[in-house]
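# Structure at a glance
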Amino acid sequence: MKIACLTFNPIQENTYVVWDDTNECAVIDAGNSTSKENAALDAFIAQHGLKPVLALNTHGHFDHLLGVEHLRRTYGIPFALSGKDAFLIETASVSGTIYGVAIGSMPVQVDINLDERREIAFGRTLLRVIPTPGHTPGHVSLFEPQTQSLFTGDTLFRESIGRTDLPGGDYSWIMRSILDELLPLGDDVRVYPGHGPETTLGHETLYNPFITEVLNQEVGYK
Ligand SMILES: [Zn+2]
């Protein structure tokens, strides 16, 4: 599986285009928010000869949703999200106003409910759907075992974690998600977060202060 990261919108959100040798591609967390950003994403897809077949999201925050409707309309592809995060689509315009970001068309429907899927496929690639609630109630991480690639959305960042003070957020849940669901995947797993640079699970085990304070038993998280 090949991975490209395009960073979009004023929140500097990482949109990932992933594809394999069939040239079918999925777009994870499409955050493109202007006609210029839409054109940049379309140009990337065209230049690489890719065929989008799926828009899928780690979670339902507006900065990760801004480009989904463009993909649905342009390529006629389904949109996959946890049903537990669908409520966030309805409050997206309010959230956008708070951050000063113009919200265009939001996805009108969730076509595939990720709560009902343990994996999701495109081309010859299978992505494992791992529920990682805490940043939002329906947050999932997506793991591709062959290349050991993990898309963590806003659950795990390089040396940080996602906010848990927004509606539906919960500190204990996000720490359980990271410690019990993600770290056991192994130190060599490459992490592609929703904001900021890539990392590995091994690096985070050593240097992420939110993880080390729990591992050192300075903080209880249960
Ligand atoms: Zn978020």
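Everything here concerns the structure above.
Worth saying up front: this structure is predicted, and the values here are computed from it rather than measured. (Residues numbered from 1 in each chain as written. Predicted model: local features only at pLDDT ≥ 70, side-chain atom pairs only at ≥ 80, totals over all residues. Heavy atoms only, no water.)

Among the structural elements, Ala-80 can be located in strand S5 (residues 79–81). Its relative accessible area of 0% is what places Ala-80 among the buried residues. Ala-80 sits 21 residues away from His-59 along the chain, and the two C-alpha atoms are 9.7 Å apart. (Helix = DSSP H or I, 4+ residues; strand = E, 2+ residues; numbered from the N terminus. Buried < 20%, exposed > 50% of the residue type's maximum accessible area, 1.4 Å probe, protein only.)

At the metal site, the zinc ion is ligated by His-59 (NE2), His-61 (ND1), His-135 (NE2) and Asp-154 (OD), and these contacts range over 2.2 to 2.3 Å. What the four donor atoms of the zinc ion show is an angle range of 84 to 169° at the metal, which sorts the shape as irregular. The motif formed by the donor residues of the zinc ion, counted along the single chain, is H-x1-H-x73-H-x18-D. Note that His-59 is positioned in the loop between strand S4 (51–56) and helix H2 (62–65) and Asp-154 in the loop between strand S10 (149–153) and strand S11 (156–157), a separation of 95 residues in sequence. Take His-59 and Asp-154: they sit in the same class, and that class is buried. (Donors = N, O, S within 2.8 Å, 3.2 Å for Na, K, Ca; no water. Tetrahedral: all angles 85-135°; square planar, octahedral: opposite > 155°, others 65-115°.)

Next up on the list: unusual backbone geometry. If you check the backbone angles, Asp-29 has positive phi at about 60° while not being a glycine. Along the chain, the position of Asp-29 falls in the loop between strand S3 (24–28) and helix H1 (35–47). Assessed through its relative accessible area of 2%, Asp-29 is described here as buried. Of note, the phi angle at Gln-217 is positive, near 60°, even though the residue is not glycine. With respect to the secondary-structure elements, Gln-217 resides in the segment after helix H8 (209–215). For Gln-217, a relative accessible area of 72% translates into the label exposed.

We now examine the packing of aromatic side chains. Scanning the model with the defined rule gives five aromatic pairs in all. Ring geometry for Trp-19 against Phe-44: centres 5.8 Å apart, planes inclined by 65°, an arrangement best described as edge-to-face. Linking Trp-19 in strand S2 (residues 13–19) with Phe-44 in helix H1, this pair joins segments that are 25 residues apart in sequence. Like Phe-44, Trp-19 is buried. What links up through ring pairs into an aromatic cluster is the set Tyr-16, Phe-151 and Tyr-192. (Phe/Tyr/Trp six-rings, centres within 6.5 Å; stacked < 30°, edge-to-face > 60°.)

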